[in-house]
Amino acid sequence: MSSRIRIGLIAAGALVLLALPFYVDRFWLQAGLFAMAASIGAIGLNLLTGATGQLSLGHAFFLAVGAYGYCALADIVPTALAAIGAVLVAGAAGGLLSPIAGRLSGAYLGIATLALIFIGQHVLFNASDLTGGYNGRDVPALNIFGLSFDDTETVVLAVPFESMEKLWYAGLLLLAACALFARGVLRGRPGRAMNAIRDHRVAAGVMGVPVARLRAWVFVLSSMYAGLAGVLLALIVQRTTPEYFGFALSLEYLAMIVIGGLGSVAGAVLGAVFVSLLPQLFDRYSESLPLVSASGTGGIAPGEASSYLYGAAVVAVVLFLPGGLVRLGSAATPRALTLRKKEPTDESAPA
Amino acid sequence: MPHAALQVGALTAGYGPVRALREVTLTVGDGAVVAVLGGNGAGKTTLLRAISRTLGFHGGAVAGGEISFGETRLDRLAAPEVVAAGVVQVPEGRRVFARMTVADNLRAGALGAPRGSRSVSLERVHDLFPVLLERAAQPAGLLSGGEQQMLALARGLMAQPKLLLLDEPTLGLAPLAAERIAERIREINRQGTSVLLVEQNAAIALRVASEAYVLETGRVALSGPAAELAASDEVRRRYLGVVDEDAAADAERIADAAPVLRRWQP
Amino acid sequence: MTTFFELLISGISLGAVYALIALGFVVIFRATEVVNFAHASLLFAGGYVTALLTDDIGFWAALIVGIAGAAVVGSLVEFLVIRRYRGRDHSVLAIVTIGVDIVLLTDLTRRIGTDVLPLGDPWGDKIVQIGPLAIPETRIAALLTAALVIAVFLLAFRYTSWGVAMRAAAEDREAAALMGVRLGRVSLSAWAVAGALAAIAALFLTVFPTPGLERNTSLVALKAFPAAIIGGLDSTTGALAGGLIVGVTEAMVTGYQDELSFLGRGLGEVAPYLVMLLILLARPAGLFGTRELTRV
Amino acid sequence: SSKAKDDDGDTGGGKGAGALKTGDGVTATTIPLGVLTDMTGVYATLGKSVTQAQQLYMKQLNDDGGICGRKVQLTIRDHGYDPRKAVSAYTELEPKVLGFPQFIGSPFVAAQKKRIDGTDKGLVIPQAWSANLLGSESIRQIGATYDYEMINAVDWLVKSKKVKSGDKIGHVYFEGDFGENALAGSKYAADEAGLEVVEQKIKPTDQDMTAQVTALKKAKVKAILISAGPAQSASLTGVAAAANLPVPVVGNNPTFAPQLLKTQAAPALLKNFYFLASTLPIGDKGSGPAELAKTYSAEYKGDLLDNGIIAGWAAADVFAKALEGACKDKNLTREGVRKALLSMKSYEEGFGITHDFSDPAAPSTKESYVLRPDDKAKGGMAVAEKAFTAPAVEGYTPEG
Amino acid sequence: MTEDAPEKTADAPGQTPSLEVRDLTVRFAGLTALDAVSFTVAPGSLHAVIGPNGAGKSTCFNVLSGVYRASAGHVHFGPDELTGLPPHRIAALGVARTFQNIALPPYATVADSLMLGRHRLTKAGFLAAGLRLPSAAREAERHRERVQEIAEFTGLERYLDHPAAALPYGLQKLVELGRALCMEPRLLLLDEPVAGMTSDERRRTAAVIAGVREGLGISVVLVEHDMGVVMRLADEVTVLDFGRRIASGPPAEVQRDPEVVRAYLGDTNNSEDAEEGVTS
Ligand SMILES: Nc1ncnc2c1ncn2[C@@H]1O[C@H](COP(=O)(O)OP(=O)(O)OP(=O)(O)O)[C@@H](O)[C@H]1O
Ligand SMILES: Nc1ncnc2c1ncn2[C@@H]1O[C@H](COP(=O)(O)OP(=O)(O)OP(=O)(O)O)[C@@H](O)[C@H]1O
Ligand SMILES: [Mg+2]
Ligand SMILES: [Mg+2]
């Protein structure tokens, strides 16, 4: 793909995204926003799991810290500050875990982080003064310089803008910023060091990479991404409930990065969009899909169908599309070819 | 027991678009020791992988030609079946099972061998490398590089092969140990095992082998009786380093000719 | 004091069940270095088959079919998925098993729907009374089974060719193939065995004092994760130790919930994870696990 | 086309005083309603029965000519007890339907409360009886809330099970709104009766109640309340019986399922277990339940009968009655439906209890039946004691 | 965020201090891999450590680079004590090494692998890289140029875009060497740098090593079994056997030491003899 076509495509895509709130209804905007929040969280997880090789099953916990942190901080400071504060708190929570995040890897780290989910939910249920307990909390609408992201209508070009329309732009902005930041990190010096840790821990140390410290920092960074995703989610749903931040959510994020492509930013976004839009599409169009029957008619329910599909997608992508959805686009680059495994073609250049 | 010869005919193989072997033809006669020499990337390892059917593990494949061992067409078998046919490879880079003990590594080596003979081969192997007996209970990953190389070789011998494929068996071995390996290869061979030997240490290889092939960028560049090759100028210069006396001067000359690395000024 | 012993006994007996589940993780981990997140659904499958048949062909026959069924499901997972993975990264494979788990669980919960399925075991709610302590027969059976199975595996891993082949294949597939190990067969057998183990665990997880198999049963299997980690993922003895630690912790914390209420109620489920974190801080590879070997 | 506002467009098609006022998706032929259910998540048991009963009800209603000459049309969304999906499904259906005769998951209803009360104002009947949903004109539960049920349960224990002042009773409850709302009731009633509650909080993954029983035994409780799932009540009752703690176990709402009578715990359940409910059991001889059981079984052959069917049916019926009322008032809009419901002061549809919907801050009834397992009855339940209201209820105000 | 800014380094080029190893002892369960070994590497010299397999050479490197901890003894690099420091701190002092068992990432290109060597010399942290500050871009540019220089010097420039792990063994060894050079070390530890190379390639690599010492004036510690290369390059040789130092001195002297001949070289010595073997 030549770079001019590429830039053209990107510009066109951006234009469509910017115009959407004028055309589609609340449901789709909300679905899109869920995908944006998921993308931000998935980028963070991909920095940790994909690029640094640190398996984490505790991502949902940091989403919860972000969501609840926002609610709690909004009690005492302006909401804009609360949002920033929540991200920092999530980062700090990640930092608290650094004795474990810095030392463990592989399955041990994965299951150690699983503990966070259970401990986190326990706290969410029991510290009711802060978290509202099982009832959860109402999420105060974000208010930046007098612009409130709530359901009061602001009419823009004759289109009434409610919370979703306004959040849409905030979400886009945040996602773009997060994606660019992560890309910079991955392509720069920290990214190389992170990959080195993933590929050969001892060698990385000998090259001067402070392994434990860097692992801990990546954990912090990834927690901050998760925290931001949590804040955005809370703003979309307008209510936080403890059940949501469970094991299944963490698994969903892992599925996203595997489906999209480990270690890449675009992959995380693709995976997040895939995983979060799929069930919505199924639900919405269950009536017109073969094999899937509408809820309440017996047969395979849409929820089940999307579960099947998303489980199968995880498997299929790893088996048949190593590198994830993101490889679909870049399959033709020479570098991808040398690593790909297939029969030698006859007319091939000498090594 | 009846032995068979290894025939490699017009073998072409590669990794994806990378062509590593082109029409290589080679024979290892019954009971012979054949050496394969060649520079980095010449395709020596690829040749052995093709014979032992493990190219697939590296994303490579055979594109043409045939390989047979006696009556058996090896190029139609899977790797474990090649072992069952009596062809065993000691891979490049040791590849010991790091977390298993030395003893278990040897047991793993014997998985492909007839059951009754294990204790005999174990004794032979311990005879050859006493250090392995000393370290029997230690995880193999903790052995020194050379000790791992010995273990890898010993593990290969445990399978009691009819044809042994050795990929740089003296890599990283101390001179004394390398000499001992060379002796041992001759001895194994005397006991009836044919050997296909890939070596960088051409001196040893040519001494042990009866015949030799030289690979260059995937093709057979030279072949013939080992002694003849050892006498050829080309081989002497490139693989035997007989100009060693001038090496220091040589080194300086190259250093002068090559781009010089200056200090980095931050 | 009686309460303490009652809780201890109840914890140990519960721990035996966790140990059986954890052993399933360990078998797969040792054979393939993969953390098998689909273990819970293997367990579910085994229990489901048993429960389905128990009325028609009797408990023991149903149990055997259930074990075989779970072994088949395990083998299928290996044959259709694990075997086809060409990469080397075990974390990716672990994530693949999550995908498998989602598919299997969705299907099984759909089938089980809203039922609670009893397995029809012969022990019923019978109790063995030792002094003031009452222990369900099912739990004694679980403890004995766990001890036996774990001993068998310990020996099998250490002394049989199967064990050697399995460990070799787990570490380096290519080198194992060069030893004549039939990778497919070895890995298939590991998954089949793990499936069978899961079915046995399912039995003890769903008999008295629990009413039967239902949609949440697979979630309970998650509790074996801390058990496997505490013991060390690659240690069979560790599975037993970890299972018992988790079981006893859970029972104690629940039993003394009133005294611990300042930490919030319902701590029983969380406590094993806290214990696990503490143990990991001191021993990053669990109590009996082998430390990561690095030699450069 | 852009979604720019073309002035007042489709709101209220009706004109003139005598004409029927319609809106919110109602057309000349159909009245669209939304169902937000859980058929694949933790409350799938409930969701399936409720939904099937409602579909059956609407089918019959439409066969009988519908309402206001229009057919009622249900659009069902299964959220699998996932908040994100629940919110999405509500967002999707809300603009298209008049109201929701079913919305499972009180946290999700609570999450939408702001929107429901603020802008949407469509009638929602949650299939959850947590008191924190009280107080809204648009969100109306049918039956007593969990706390009231537990007040009645404690009263009944004192009255009929020889529990007396100074005794301890245990309460095993789920983390979450169901368990904790129930706990609020039991603690209030225990206070009134001079009892002490020994709390045992559990999670859905706690299926072996041995440790809980041990703790309760240590505390020497005289009775145990349980607000959890069927598996837990079976385990609790079974273990208590086996451990020589032969006290009555009283549960409410989703604590019991007829399938339990096939498990090892059956004898203990038959002996010691009781159940509080705001309706007659589906297996009751009374005409309402019996007829419903018959039609339901005819439609869904092989499906088990449980009390979710009654809950679903009753909700559908209440909604339909409200629609009829709105039709009569010539105001088939969200507002009309709401008003019609507020005017229903003594509604009774053959399930034993009379409901009063005029006060949004109070549950529609404070009465409960005491039921007990019965392996001969359909649905596994029979009445142990007629509906009653504990005197203590009078002084109680839910925290909502 | 100020994550992993490089440690303060005391190195100024040209001031290579001497390396002093004093009574270094390393024990593993039931095994003494190094037993009170002492030697000194003079500034700017090339010091070879040889000995039979399992003598403790790599173990010594592992202690010098912080991968293993010494059970007893000290290592001083100029004013700094290396024993007890974690690997990255030692790297920050200007100590670089190669690995006997190649330790290259499976997918990264040669260029990226070399850039990793620049880690300690560069500063861009998460913020700078994430925000693409111009300073980070300038820094990357400058260091890429140096990487190019080093690649040309080692003869790797043709392979910069290749994935390092797919290169043949000998070239991978060169990449390891290049990566260590990219750290601009003051002390370079080479563990069997010419293993797996043909005679020809060995000569070239030896020339590179000689060139490094000439051009940069740094100290090199070399572990190698190829006596030809050792004799050619080393100023000083230390011989280990079973973890003990059995000899040390100039190469020619050591080569004649009967103890060394017995333990290590054997009576057939080196390539000349080998050739005799062939021709006889
Ligand atoms: N896994 C792989 N993927 C792609 N190309 C490969 C792979 N392995 C080897 N090659 C290429 O195949 C060619 C032959 O490599 P091979 O390993 O057979 O050489 P060799 O003669 O054994 O070299 P050495 O002496 O360094 O071991 C080389 O050009 C190499 O780059
Ligand atoms: N981490 C470890 N645990 C246990 N033993 C070890 C460990 N590392 C090394 N050893 C042992 O210490 C001894 C010295 O090993 P080392 O790697 O230093 O040898 P070497 O001199 O480099 O040998 P070679 O020339 O074969 O590479 C060996 O016997 C090895 O088995
Ligand atoms: Mg090779
Ligand atoms: Mg070494």
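Residues numbered from 1 in each chain as written. Chains lettered and ligands numbered in written order. Predicted model: local features only at pLDDT ≥ 70, side-chain atom pairs only at ≥ 80, totals over all residues. Heavy atoms only, no water.

Before going further, it helps to examine the coordination of the magnesium ion (ligand 3). Residue and element names in this part refer to chain B. Protein coordination at the magnesium ion (ligand 3) comes from T45 (OG1) and E92 (OE), with a distance range of 1.8 to 2.1 Å. Of the two residues, T45 sits in helix α1 (residues 44-52) while E92 sits in the loop between β6 (87-90) and α3 (102-109), which places them 47 residues apart along the sequence. By relative accessible area, which is 13% here, T45 ends up buried. (Donors = N, O, S within 2.8 Å, 3.2 Å for Na, K, Ca; no water. Helix = DSSP H or I, 4+ residues; strand = E, 2+ residues; numbered from the N terminus. Buried < 20%, exposed > 50% of the residue type's maximum accessible area, 1.4 Å probe, protein only.)

Let us look at the UniProt feature "transmembrane region" (unreviewed entry) in chain C. The UniProt entry lists residues 6-27, 59-80, 92-113, 140-157, 188-208 and 270-290 of chain C under the feature "transmembrane region" (unreviewed entry), expressed in the numbering used here. Annotated as residues 6-27 of chain C, this span is 100% helix and 0% strand, and its ends, taken at the C-alpha atoms, are 32 Å apart. (UniProt positions renumbered as here; feature names shortened; annotations may be inferred.)

To continue, consider the sheet that holds strand β7 (residues 196-202) of chain D. Residue and element names in this part refer to chain D. Within the open sheet, the seven strands sit side by side as β7-β6-β8-β9-β10-β12-β13. Their pairing is mixed. Looking at strand neighbours, the two that pair on one side only are β7 and β13 (381-388), the edges of this open sheet. Sheet twist, expressed as the average angle between the axes of neighbouring strands with direction ignored, equals 25°. Of the strands in this sheet, β6 (168-174), β7 and β8 (223-227) touch helix α6 (residues 210-218), which is tilted by about 165° from β7. (Pairing = 2+ DSSP bridges. Axes fitted to C-alpha atoms, helices over the stretch in contact; angles between N-to-C directions. Contact = heavy atoms within 4.5 Å.)

In this section: the packing of helix α10 (residues 233-240) of chain B against helix α7 (residues 199-216) of chain E. Here α10 of chain B crosses α7 of chain E at 45°, and the two axes come no closer than 5 Å. What the angle tells us is that α10 of chain B and α7 of chain E run oblique. Residues R237, R238, Y239 and L240 of chain B of α10 of chain B pack against S199, D200 and R203 of chain E of α7 of chain E. The class makeup of the residues in the contact of α10 of chain B with α7 of chain E is two nonpolar, one polar and four charged. (Parallel < 35°, antiparallel > 145°, perpendicular 65-115°, else oblique. Nonpolar A, V, L, I, M, F, W, Y, C, P; charged D, E, K, R; others polar.)

The next point concerns the arrangement of the chains. Of all eight pairs of chains in contact, the one with the most contacts involves chains B and E. Without any contact between them, chain B and chain D keep their closest C-alpha atoms 37 Å apart. Chain D makes no contact with chain E; the smallest distance between any of their C-alpha atoms is 31 Å.

It is worth spelling out the coordination of the magnesium ion (ligand 4) at this point. Residues and elements named next belong to chain E. Around the magnesium ion (ligand 4), the donor atoms from the protein are S58 (OG) and Q100 (OE1), and they sit 1.9 to 2.2 Å away. Residue S58 is located in helix α1 (residues 57-64), and its partner Q100 is located in the loop between β6 (95-97) and α3 (110-117); the two are separated by 42 residues in the primary sequence. Here S58 falls in the buried class, since its relative accessible area comes to 9%. For Q100, a relative accessible area of 4% gives the class buried.

With that out of the way, let us pick up the site of ligand 1. The local shell around ligand 1 holds 19 residues, among which N40, K44, T45, T46 and E92 of chain B are the closest. Taken together, the residues near ligand 1 originate from chains B and E. Between ligand 1 and the protein, one listed contact pairs an oxygen atom with a side-chain N or O atom of K44 of chain B at 2.7 Å. Between ligand 1 and the protein, one listed contact pairs an oxygen atom with a backbone N or O atom of G170 of chain E at 3.3 Å. Mapped onto the shell around ligand 1, the elements with two or more residues apiece are α1 of chain B together with α6 (169-181) of chain E. Tallying contributions element by element places α1 of chain B first for the shell around ligand 1, with four residues. Per-class residue counts for the shell around ligand 1 are six nonpolar, nine polar and four charged. (Near = heavy atom within 4 Å. Polar contact = N/O pair within 3.5 Å; in protein donor to acceptor, adjacent residues only side chain to side chain.)

As a further point, take the environment of M36 of chain A. All names here are of chain A. Relative to the assigned elements, M36 resides in helix α2 (residues 26-51). Spatially, the C-alpha atom of M36 lies 14 Å from that of L20, the residues being 16 residues apart in sequence. When residues no more than four places from it in sequence are discounted, the contact partners of M36 are W168, G171, L172, L175 and L232.

Evaluation of the coordinates by the stated rule reveals 29 aromatic pairs over all chains. Aromatic pair F25 of chain C and F225 of chain C: ring centres 4.5 Å apart, planes at 20°, arrangement stacked. In this pair, F25 of chain C sits in helix α1 (residues 2-32) while F225 of chain C sits in helix α10 (residues 224-231), placing the two residues 200 residues apart along the sequence. For the pair shown, F25 of chain C and F225 of chain C are each scored as buried. Relative to F273 of chain D, the ring of F256 of chain D lies with its centre 5.9 Å away and its plane at 25°, an arrangement referred to as stacked. One end of the pair, F256 of chain D, is in the loop between β9 (249-252) and α8 (266-272); the other, F273 of chain D, is in strand β10 (residues 273-277), and 17 residues separate them in sequence. Judged by relative accessible area, which is 0%, F273 of chain D ranks as buried. (Phe/Tyr/Trp six-rings, centres within 6.5 Å; stacked < 30°, edge-to-face > 60°.)

The general pattern is negative phi for most residues beyond glycine and trans for most peptide bonds. Put simply, F208 of chain C and P209 of chain C share a cis peptide bond, and its omega is 5°. On the secondary structure map, P209 of chain C appears in the loop between α8 (183-206) and α9 (217-221). Phi is positive for K330 of chain D, which is not a glycine, with a value near 60°. Here K330 of chain D lies in the loop between α10 (307-328) and β11 (331-332). The backbone of E184 of chain E shows a phi angle near 45°, a positive value even though the residue is not glycine. By secondary structure assignment, the location of E184 of chain E is in the loop between α6 and β7 (187-191).

All names here are of chain B. Closest axis-to-axis distance for the α3/helix α6 (residues 145-158) pair is 7 Å, and the angle between their directions is 35°. Packed against α3, whose contacting residues are V102, N105, L106 and G109, the element α6 presents L151, A154, R155 and M158 at the interface. Class assignment for the residues of the contact of α3 with α6 results in five nonpolar, two polar and one charged.

The next subject is the state of the cysteines. Scanning all chains against the criterion turns up one disulfide over all chains. Each sulfur of the disulfide joining C68 of chain D and C327 of chain D lies 1.8 Å from the other. Taking the torsion about the S-S bond as the criterion, the C68 of chain D to C327 of chain D disulfide, at about 100°, is right-handed. Taken together, the positions of C68 of chain D in the loop between α1 (44-63) and β3 (71-78) and C327 of chain D in helix α10 put the pair 259 residues apart, joining distant regions of the chain. Summary of cysteine pairing: C178 of chain A is not part of a disulfide, and the nearest cysteine sulfur, belonging to C71 of chain A, is at 19 Å. (Disulfide = S-S within 2.5 Å.)

All names here are of chain D. Of all five residues that make up β10, five are buried, and the element is covered over most of its length. With burial as the criterion, each face of β10 is covered, one bearing F273, F275 and A277 and the other bearing Y274 and L276. Judged from the four bridges that link them, β9 and β10 form a sheet pairing that is parallel. Each residue of the ladder has a partner; that of V249, found in β10, is F273.

Following the criterion strictly, the structure yields 48 salt bridges over all chains and no others. The partner of R202 of chain E in a salt bridge is D226 of chain E, with the nearest N and O atoms 2.3 Å apart. Linking R202 of chain E in helix α7 with D226 of chain E in the loop between β8 (219-223) and α8 (227-233), this pair joins segments that are 24 residues apart in sequence. Both residues of the pair, R202 of chain E and D226 of chain E, belong to the buried class. Members of the salt-bridge network, linked through shared partners, are K223, E250 and E269 of chain C together with D206 of chain D. (Salt bridge = Lys/Arg side-chain N within 4 Å of Asp/Glu carboxyl O.)

On to the pairing of strand β2 (residues 18-28) of chain B, then. Residues and elements named next belong to chain B. The sheet contact formed by strand β1 (residues 6-15) and β2 spans seven bridges and is antiparallel. Within the sheet, the bridge partner assigned to L6 lies in β2 and is V28. Hairpin connection between β1 and β2: a loop of two residues separates the two successive antiparallel strands, and G16 in this loop has a positive phi of roughly 50°.

The next subject is the sheet that holds β3 of chain D. All names here are of chain D. If you trace the four strands from one edge of the open sheet to the other, you get β3-β2-β4-β5, paired in parallel fashion. Edge positions in the sheet fall to β3 and β5 (123-126), since each has one partner strand and no second. With strand direction ignored, the average angle separating the axes of adjacent strands in the sheet is 20°. Relative to strand β4 (residues 99-103), strand β2 (residues 30-37) runs parallel, the two being bridged by three bridges. Note on β4: the bridge partner recorded for L36 is F103.

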